[in-house]
Amino acid sequence: MNVLAQVVVSGVLAGFASMGIAYFTTARLSQPWLTRLVSFAAGLMLAIALLDLLPEALESGLAADTLFAELLVALMALFAIDVKLHAGCHHGGEGVCDHDLARPVPMILAGGALHVFTDGLMLGSAFLVDPVLAWTMTFAVLAHEVPREAGDFALLLTARWGRRKALAWNAVTRLACVLGAVAGYLVLAGAQEWVPFVLVVAAANFIYIALTGILPWLRREQQAFAWQGGFMVIGAALVPIGMRFLHT
Ligand SMILES: [Zn+2]
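Residues numbered from 1 in each chain as written. Predicted model: local features only at pLDDT ≥ 70, side-chain atom pairs only at ≥ 80, totals over all residues. Heavy atoms only, no water.

(A) Structural view of the coordination of the zinc ion. Within the first shell, the zinc ion binds the protein through His 115 (NE2), Asp 119 (OD), His 144 (NE2) and Glu 145 (OE), at distances of 1.9 to 2.0 Å. Taken together, the 4 donor atoms coordinating the zinc ion span angles of 95 to 131 degrees at the metal, a pattern that classifies the geometry as tetrahedral. Counting gaps between the donor residues of the zinc ion yields the pattern H-x3-D-x24-H-E. Note on His 144: relative accessible area 1%, which makes it buried. (Donors = N, O, S within 2.8 Å, 3.2 Å for Na, K, Ca; no water. Tetrahedral: all angles 85-135°; square planar, octahedral: opposite > 155°, others 65-115°. Buried < 20%, exposed > 50% of the residue type's maximum accessible area, 1.4 Å probe, protein only.)

Structural data, given as structure tokens:
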């Protein structure tokens, strides 16, 4: 399959498959399994950032001190964006925070669209580096988007939207994931020298979401620690194992 087609499929999977799973399982996917899925996503995202994206950026010629300086700036910038958009508590679990309930519906939809657009951008640019890496990231985005989507559905239903209307509008925002992926791929294809920098931002994004969005939520579910830890380790271990296996 040509790479642009793979980019589109990846965007569709990351955006729409997560939405479909969230929609059809909100009632059925029990809290313990949601917790395990989220733990798995956290392990996967941290491992992708630390074992794939950052080493890849180093290998593509970025000096170590530049890389870590950029990582530092990116993490602080993500915090600023997070506070301003106030979408941070959105990741993880059912994703519903008390103050989220007060957020107007257009904000929920716009926040969701912007978030998946960024996810898409990262996926699209990853395809320029290594399709195997990009597919691993697709999997990670899909896994962390399920609970986030479920959270958005819950919020829209709380705002007295019907399930069908909530699904239709969510689907519109999910197009942003596909658009982001195609945009990321096409823009960076013409500016390859920016790829290492984008890899560092993508790593910062995964680290930030895992550490500030997912882990604090998991900490509240301490009775499930063995399951969480197990799934997190599996998620993290899959990355080096998968990369080795798929590259040979
Ligand atoms: Zn996401």
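(B) Up close: the pattern of salt bridges. Applying the stated criterion across every chain yields a total of 2 salt bridges. The shortest N-O distance in the salt bridge between Arg 174 and Glu 145 comes to 2.8 Å. Of this pair, Arg 174 sits in helix α6 (residues 163-189) while Glu 145 sits in helix α5 (residues 131-158), and the two are 29 residues apart along the sequence. Note on Arg 174: relative accessible area 1%, which makes it buried. Shared partners join several salt bridges into a network, and the residues in it are Glu 145, Glu 149 and Arg 174. (Salt bridge = Lys/Arg side-chain N within 4 Å of Asp/Glu carboxyl O. Helix = DSSP H or I, 4+ residues; strand = E, 2+ residues; numbered from the N terminus.)

(C) Fine view of the environment of Ala 77. Along the chain, Ala 77 turns up in helix α3 (residues 64-85). Placed 127 residues apart in sequence, Ala 77 and Ala 204 show a C-alpha to C-alpha distance of 9.7 Å.

(D) Structural context of the confidence of the model for the protein. Mean pLDDT over the protein works out to 84, with 89% of the residues at or above the 70 mark. pLDDT under 50 marks residues 88-99. Its contacts with residues more than four places away, or in other chains, come to 38 contacts. (pLDDT = per-residue confidence, 0-100. Contact = heavy atoms within 4.5 Å.)

(E) The arrangement of the nonpolar core in detail. Core analysis: the largest hydrophobic core is formed by 53 residues, its most contacted members being Met 45, Ile 48, Leu 53, Met 137, Val 200, Phe 206 and Ile 214. The set of elements that each furnish at least two residues to this core consists of α1 (3-25), α2 (31-59), α3, α4 (105-129), α5, α6, α7 (195-219) and α8 (225-247). For Ile 214, the residues in contact, after removing those within four places along its chain, are Val 38, Ala 42, Met 45, His 144 and Ile 209. (Core = buried A, V, L, I, M, F, W, Y, C linked by side-chain atoms within 4.5 Å.)

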